[in-house]
Amino acid sequence: MLRGGAIGVLAGALALAGWRFGLFDRWEAAAWTWRVRCFARPGPETGRIKLILLDQASLDWGKNELGLSWPWPREVYGPLIDFCRRGGAKALAFDVLYTEPSAYSVADDRALGEAIGRAPPFVAALALSRTTGGRTDWPEEIPAPSLKIAALAGWLTGGRERSLVYPRAAFPIPEAAEAAALLGSVTEEPDPDAVFRRAALFSVFAGRVVPTLGTAVYLAPRDRDAVELAVEGDIFRIDGISVPLDGEGRALLRYRGTTSVYEPLSAAAVIQSELLLREGAEPLLDPEIFRDCYVLFGFSAPGLLDLRSTPLSPVAPGVLVHAAALDNLLADDFLRRCPPRAVIFSVLLLALLAAVAVSLTAKAWQGGVLALFLLPLPWAIGFAAYPAGYWWPIVAGEAATALALAGALLGNYAVEGRQKAFIKGAFKHYLSGAVIEQLIGNPSQLRLGGERKELTIFFSDIQKFSTFSERLDPPALIALLNDFLSDMTEIILEEEGTLDKYIGDAIVAFWNAPLTQGNHAQRAIRTALRCQKKLAARREEFKSRTGVDLHMRIGVNTGEVVVGNMGSRERFDYTVLGDAANLASRLEGANKAFGTYLMVSQSAWEAAGGAFSGRELGKIRVVGRKTPVTVFEPWGEKGEKVPEEWESFARGRDLCYRGAWKEALEILEKLPDDPPSRVYAERCRKLLAESDSGWDGIWNLTEK
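1. Considerations on the overall build of the protein
When you go through the protein residue by residue, the secondary structure sums to 25 helices and 28 strands. In terms of overall size, the protein is more extended than a compact globule, its C-alpha atoms giving a radius of gyration of 35 Å where 704 residues would be expected to give roughly 27 Å. Along the three orthogonal principal directions, the C-alpha set of the protein runs to about 95 × 80 × 40 Å. Buried residues in the protein amount to 52% of all 704 residues. Within the protein, residue pairs in contact and separated by at least 24 positions form 74% of the contacts whose partners lie at least 6 positions apart. As presented, the protein carries roughly 32,200 Å² of accessible surface, and 54% of it is formed by carbon and sulfur atoms. The averaged location of the 85 negative side-chain charges in the protein is 6 Å from the averaged location of its 78 positive side-chain charges.

Quick look at the structure:
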């Protein structure tokens, strides 16, 4: 009990130190992303927010139908603004900077200003900056905002001042600024990992309060003289809403979803609808979709470079961040951070609970059961807190729990069976349970170093994996690989093989070490046949997930290698080195030359002692090896009849060996469905066409 308590306090203190100094920020960000994606749902006010996006389809329409190059003339946006007015939009905001006069004409800027003047309460964008921007004071020709925040001067210090006060600004052209109801800042700063999780609701420039775009569009239709704004501690009060802020004066966003949750509309469709209505024709869109809605216009076309990374998507239109802030304002449900004292208490409690509980267990499996129960607890707390409106740090609690469990288990191991537990932990992922029990009986085999020994090595790889994997999203790709590798590994371990390593989708395994196996070649070839049958049984399922037929190439070779624990004194892997291992890898790749999926070297075939039916494919010389090797393609266990065309292939192959190209071709051409026959037939045609050439019967491979 005392040992567990001490371990728990130490683990909790270490975890809290890591939390305090930001060591867990990267992992906490990932945990935050999972929560956002899990709970992203439309809110009570989400339906009142609409997005109009200038997407790639809009750019293409402008170019193809109107002959417009980018940037568009600003008068093009007039129909878009008028359509929002026609539909009865409550407010309209443009997440677009018009800081320079139009390149087309002064009339173009005037047309934009006139359209804004006809619009619903309109928010124009300005950009605040710490290093760039043409102004350090408020221009006289642009109306200054009248917003006042009570108690701001005494509140705006330290981190809040550094975060919210900007020395420079880029203003919209006067035609747009004078006609707008409000100016809104589109400057938002991401977290250190470049993801936008938080948003400032206002900033300060030249002593004036500047609302950010989301706040501005919220305020635009309201009587701003009647709206009360105040700050107090970590709370920003706006129009009766209390918004929790962090130490930098920013609010933590509750994302409702990707842009699709706001029913985004293509800018081209909106503009065309207004033009059709003006002509008395049927519009593409019903303007009523904007009735009493807040409408935000922004860019989503990749070439316009207004894309942001959010917890829901690594590439999202920048206007989505402002839409999320507006949504949270309307619903009054910004997320709030948990009190630090509550976090500290919970981290220490979890660490103590884990350490004490495990230290009281008598068996290792009991500690494992406790770990299965305790490790998910921080996640359960964090996920339960999110819908309640709290951001609860998960990783600090998880680190404390994991450290406490590890410390308690290590303490237990120091008292009982450290060597046995080490062996099981070191080999459970790549040896079967029966082999592990034998190793426990003879732990001297775990010495750092190796020995020369004849092994049979198995090397497999998925055909064209990189080609189709690029089309899969990461979760689907990982799930596919896990399923595939689990199936193959299960067979390897059932045949008492040693799993050496995974190299992406490739598998390396071997037999006859660490324990001697007299039938190691048979086990390896049987494993290869079983793996191919297992993959064939799941091929249709995998095709539905990848869109392609999944095939695996396997090479098997028997030979002398160095095998043992290689690495440092503290960390090492049980693996093999030597030419025989390299040849197994080359045979896997050599399948491509014959169109086969399983290739076995002569040494492995002979070591198997006739235990399998199959055929000789030929003699090959692989890259990096001067000596040719005869290779075979197994079909099944001894007694299983090979396909009839294999017997014909053997006759054609033997004729090729004797230089009877014409006779061989006559046989091989009758086997168009057999890939090796097609390969030999092509070689015969080439040799017949080049009458003065000869062939020694050895296939020289030029690629791995």
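Back to the write-up after that little detour.
2. What to know about the nonpolar core
Most often, soluble globular proteins have nonpolar side chains that are buried together. Membership of the largest hydrophobic core comes to 62 residues, with the highest contact counts inside it found for Leu 152, Leu 201, Phe 202, Phe 236, Ile 238 and Val 243. Non-local contacts of Phe 202, meaning those with residues more than four positions away in its chain, are made with Ile 149, Leu 152, Trp 155, Leu 164, Val 209, Val 210, Pro 211, Thr 212, Val 231 and Phe 236.

3. Things to note about the side chain of Arg 653
Within the secondary structure, Arg 653 is located in helix 23 (residues 644-657). Its relative accessible area of 8% is what places Arg 653 among the buried residues. Apart from residues lying up to four places away in sequence, Arg 653 is in contact with Glu 616, Leu 617 and Tyr 680.

4. Remarks on empty space enclosed by the protein
With the rule as written, the count across this model stands at three cavities of 30 Å³ or more. Taken as a whole, the largest cavity holds about 50 Å³ of empty space. If you trace the largest cavity, you find it lined by Arg 198, Pro 244, Leu 245, Asp 246, Arg 250, Ala 251, Leu 252, Leu 335, Arg 336 and Arg 337. Sorting the residues of the lining of the largest cavity by element identifies strand 13 (251-252) and strand 18 (336-337) as the ones contributing at least two each. For the lining of the largest cavity, the residue count by class is five nonpolar, no polar and five charged.

5. Details of the sheet that holds strand 4 (residues 165-166)
With respect to topology, three strands assemble into an open sheet ordered 4-8-9, the strand pairing being mixed. Both edges of this open sheet fall to strand 4 and strand 9 (208-211), since each of them pairs with a single strand only. Bridge count for strand 8 (residues 202-205) against strand 9 is four bridges, and the pairing is antiparallel. Its bridge partner being in strand 9, Ser 203 is matched across the sheet by Val 210.

6. Re helix 4 (residues 77-87)
Among the eleven residues in helix 4, nine count as buried, and that is most of the element. Those residues of helix 4 that fall on the buried side of the exposure criterion are Tyr 77, Gly 78, Pro 79, Leu 80, Ile 81, Asp 82, Phe 83, Cys 84 and Gly 87. The inward-facing, buried residues of helix 4 abut strand 1 (49-54), strand 2 (91-94), helix 5 (106-118), strand 3 (122-129), helix 10 (267-278) and strand 15 (294-299). Following helix 4 by one or two positions, Gly 88 adopts a phi angle in the positive range, close to 80 degrees.

7. Some remarks on the pairing of strand 8
Because side chains alternate across strand 8, one face comprises the buried residues Phe 202 and Val 204, and the other comprises Ser 203 and Phe 205, equally buried. Strand direction decides the pairing type here: strand 4 and strand 8, joined by two bridges, are parallel. Residue Val 165 lies in a different strand from strand 8, and its bridge partner there is Val 204. In this structure, the hairpin formed by strand 8 and strand 9 is closed by a connection of two residues, where Ala 206 is found at a positive phi of approximately 50 degrees.

8. As for the pattern of salt bridges
Following the criterion strictly, the structure yields 48 salt bridges and no others. Put simply, Arg 86 and Glu 274 hold a salt bridge, and the shortest N to O gap is 2.8 Å. With Arg 86 in helix 4 and Glu 274 in helix 10, this pair connects stretches of sequence that are 188 residues apart. By relative accessible area, which is 37% here, Arg 86 ends up partly exposed. Across the pair Arg 256 and Asp 333 runs a salt bridge whose closest N-O atoms are separated by 2.6 Å.

9. Notes on the layout of surface pockets
Here the largest pocket is characterised by a volume of approximately 1,100 Å³. For the largest pocket, the lining is made up of 35 residues, of which Asp 25, Arg 198, Asp 246, Arg 337 and Trp 391 are closest to its centre. Secondary structure elements with two or more residues in the lining of the largest pocket: helix 1 (2-20), helix 2 (25-39), helix 7 (158-164), strand 18 and helix 12 (340-359). With five residues, the top contributor of residues to the lining of the largest pocket is helix 2. Along the lines of polarity and charge, the residues of the lining of the largest pocket split into 16 nonpolar, three polar and 16 charged.

10. Some thoughts on the environment of Arg 162
Structurally, Arg 162 can be placed in helix 7. Residues Arg 162 and Arg 130, 32 residues apart in the sequence, show an inter-C-alpha distance of 9.9 Å.

11. Topic: a nonpolar patch on the surface
Taken together, the side chains of Leu 10, Leu 14 and Leu 403 define a hydrophobic patch exposed on the protein surface, amounting to about 280 Å² of accessible area. Among the secondary structure elements, Leu 10 is positioned in helix 1.

12. Concerning the sheet that holds strand 12 (residues 241-244)
What the three strands build is an open sheet, ordered 10-11-12; its pairing is antiparallel. Two strands bound the open sheet, and with one partner strand each, they are strand 10 (229-232) and strand 12. Looking at each pair of strands side by side, their axes are set apart by 20 degrees on average, direction ignored. Where strand 11 (residues 235-238) and strand 12 come together, four bridges link them in antiparallel fashion. Looking at strand 12, one finds that Arg 237 is bridged to Ser 242.

13. A few points about unusual backbone geometry
Here the bond from Trp 70 into Pro 71 is cis, since omega is 5 degrees, no more than 30 degrees from zero. Backbone geometry at Leu 305 places phi at a positive 60 degrees, although glycine is not the residue there. Here Leu 305 shows up in the loop between strand 15 and strand 16 (307-310). Judged by relative accessible area, Leu 305 falls into the exposed class, the value being 74%. The phi dihedral of Asn 512 falls on the positive side, at around 85 degrees, and the residue is not glycine. Relative to the helices and strands, Asn 512 is located in the loop between strand 22 (506-511) and helix 20 (520-546).

14. Quick notes on the state of the cysteines
For the structure on display, the rule yields zero disulfides. Residue Cys 293 stays outside any disulfide, its sulfur separated by 10 Å from that of Cys 84, the closest cysteine. Between Cys 656, a free cysteine, and Cys 684, which holds the nearest cysteine sulfur, the sulfur-to-sulfur gap is 3.3 Å. For Cys 656, a relative accessible area of 1% puts it in the buried group.

15. Considering the confidence of the model for the protein
In the predicted model, the protein carries a mean pLDDT of 91, and 93% of its residues have values of at least 70. Between the elements of the protein, mean pLDDT differs from a low of 59, seen in helix 16 (residues 418-427), to a high of 98, seen in strand 2.

16. Topic: the packing of aromatic side chains
Geometry of an aromatic ring pair is reported as the spacing of the ring centres plus the angle between the planes. All chains considered together, the criterion is met by 34 aromatic pairs. Judged by centre distance (5.4 Å) and plane angle (85 degrees), the rings of Phe 465 and Phe 468 are edge-to-face. Of the two residues, Phe 465 and Phe 468 both sit in helix 18 (residues 465-469), three residues apart, roughly one turn of that helix. Judged by its relative accessible area of 13%, Phe 465 is buried. The exposure class assigned to Phe 468 is buried, which follows from its relative accessible area of 3%. Ring centres of Trp 635 and Trp 646 lie 5.3 Å apart, and the angle between their planes is 75 degrees; this geometry places the pair in the edge-to-face category. Placement of Trp 635 in strand 27 (residues 629-637) and of Trp 646 in helix 23 is noted, with a sequence separation of eleven residues between them. For Trp 635, a relative accessible area of 38% puts it in the partly exposed group. With relative accessibility at 6%, the residue Trp 646 sits in the buried group.

Reading the values: rules and limits
- Residues numbered from 1 in each chain as written.
- Predicted model: local features only at pLDDT ≥ 70, side-chain atom pairs only at ≥ 80, totals over all residues.
- Heavy atoms only, no water.
- Helix = DSSP H or I, 4+ residues; strand = E, 2+ residues; numbered from the N terminus.
- Rg over C-alpha atoms; globule rule 2.2 N^0.38 Å.
- Buried < 20%, exposed > 50% of the residue type's maximum accessible area, 1.4 Å probe, protein only.
- Contact = heavy atoms within 4.5 Å.
- Areas by Shrake-Rupley, 256 points an atom, 1.4 Å probe, with all protein chains shown as cover.
- Lys, Arg positive; Asp, Glu negative; His and termini not counted.
- Charge placed at Lys NZ, Arg CZ, Asp CG, Glu CD.
- Core = buried A, V, L, I, M, F, W, Y, C linked by side-chain atoms within 4.5 Å.
- 1 Å grid on protein atoms, 1.4 Å probe; cavity = no way out; pocket = protein on both sides within 12 Å on 5 of 7 lines; lining within 4 Å.
- Points joined across faces, edges and corners; volume = space filled by probe spheres on them.
- Nonpolar A, V, L, I, M, F, W, Y, C, P; charged D, E, K, R; others polar.
- Pairing = 2+ DSSP bridges.
- Salt bridge = Lys/Arg side-chain N within 4 Å of Asp/Glu carboxyl O.
- Patch = residues over 30% accessible without salt bridge, like charges linked within 9 Å, V, L, I, M, F, W, Y side chains within 5 Å.
- Axes fitted to C-alpha atoms, helices over the stretch in contact; angles between N-to-C directions.
- Disulfide = S-S within 2.5 Å.
- pLDDT = per-residue confidence, 0-100.
- Phe/Tyr/Trp six-rings, centres within 6.5 Å; stacked < 30°, edge-to-face > 60°.

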